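Survey of secondary and tertiary structure
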Amino acid sequence: MSDIQNLQAYDPFADLGDSGDTVEQKDYIHIRIQQRNGRKTLTTIQGLPKTFDQKRMLKIFKKDFACNGTLVDDEELGSVIQLQGDQRTKVLTLLTVEGGIDKKQIKIHGF
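Since the model is a prediction, treat every value here as computed from it, not as a measurement.

Cut-offs applied
- Residues numbered from 1 in each chain as written.
- Predicted model: local features only at pLDDT ≥ 70, side-chain atom pairs only at ≥ 80, totals over all residues.
- Heavy atoms only, no water.
- Helix = DSSP H or I, 4+ residues; strand = E, 2+ residues; numbered from the N terminus.
- Buried < 20%, exposed > 50% of the residue type's maximum accessible area, 1.4 Å probe, protein only.
- Areas by Shrake-Rupley, 256 points an atom, 1.4 Å probe, with all protein chains shown as cover.
- Patch = residues over 30% accessible without salt bridge, like charges linked within 9 Å, V, L, I, M, F, W, Y side chains within 5 Å.
- Salt bridge = Lys/Arg side-chain N within 4 Å of Asp/Glu carboxyl O.
- Lys, Arg positive; Asp, Glu negative; His and termini not counted.
- Charge placed at Lys NZ, Arg CZ, Asp CG, Glu CD.
- Contact = heavy atoms within 4.5 Å.

1. With respect to the overall build of the chain
Scanning the chain from terminus to terminus reveals two helices and five strands. Reading the secondary structure of the chain in the N-to-C direction produces β-β-α-β-β-α-β. For the chain, the residues scored as buried account for 28% of the 111 residues in total. Roughly 8600 Å² of accessible area belongs to the chain as shown, and the carbon and sulfur atoms make up 48% of that amount.

2. What to know about the environment of Asn68
The residue Asn68 is located in the loop between helix H1 (54-65) and strand S3 (69-74) in this model. The exposure class of Asn68 is partly exposed, given its relative accessible area of 41%. Here the alpha-carbon distance between Asn68 and Leu58, two residues 10 residues apart in the chain, equals 9.2 Å.

3. Brief notes about a negative patch on the surface
Among the surface-exposed residues, Asp73, Asp74, Glu75 and Glu76 lie close enough to one another that they form a single negatively charged patch. Looking at where Asp73 falls in the secondary structure, it is placed in strand S3. When its relative accessible area of 67% is taken as the criterion, Asp73 is described as exposed.

4. Digging into helix H2 (residues 88-97)
Turning to H2, its buried residues are Arg88, Val91, Leu92, Leu94 and Leu95. Contacts from the buried residues of H2 go to strand S1 (29-35), strand S2 (41-46), H1, strand S4 (78-84) and strand S5 (106-108).

5. Some remarks on the pattern of salt bridges
Pairs can form between side chains of opposite charge whenever their charged atoms are close. On inspection of all chains with the given rule, the structure shows one salt bridge. The salt bridge partner of Arg88 is Asp86, with a shortest N-O separation of 2.9 Å. Of the residues examined, Asp86 reaches a relative accessible area of 40% and is grouped as partly exposed.

These figures come from the coordinates and say nothing about function on their own.
Written out as structure tokens, the structure reads:
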């Protein structure tokens, strides 16, 4: 009975630290969907790299997806791009194909 080895304290929600194969939490690009009123939804994109011009990316998103959008500066989250409608898969494909971003760096949230 004393051979049980899995009783060490482990926090699965703790930061992983400086391991070589993981990307830090702040380096992820988060694509979220928020429900507005009724069938209306809002797609938010957060954590784009500094090499991308936020206003230019917003203009590309709006033109390619035929939707309206805005750039919101948040104190805690930084700059967040908001797009009308559910644009999660379209944003993912545009960032991976034309943006040159690895799919492992993008997290999609929502239903």
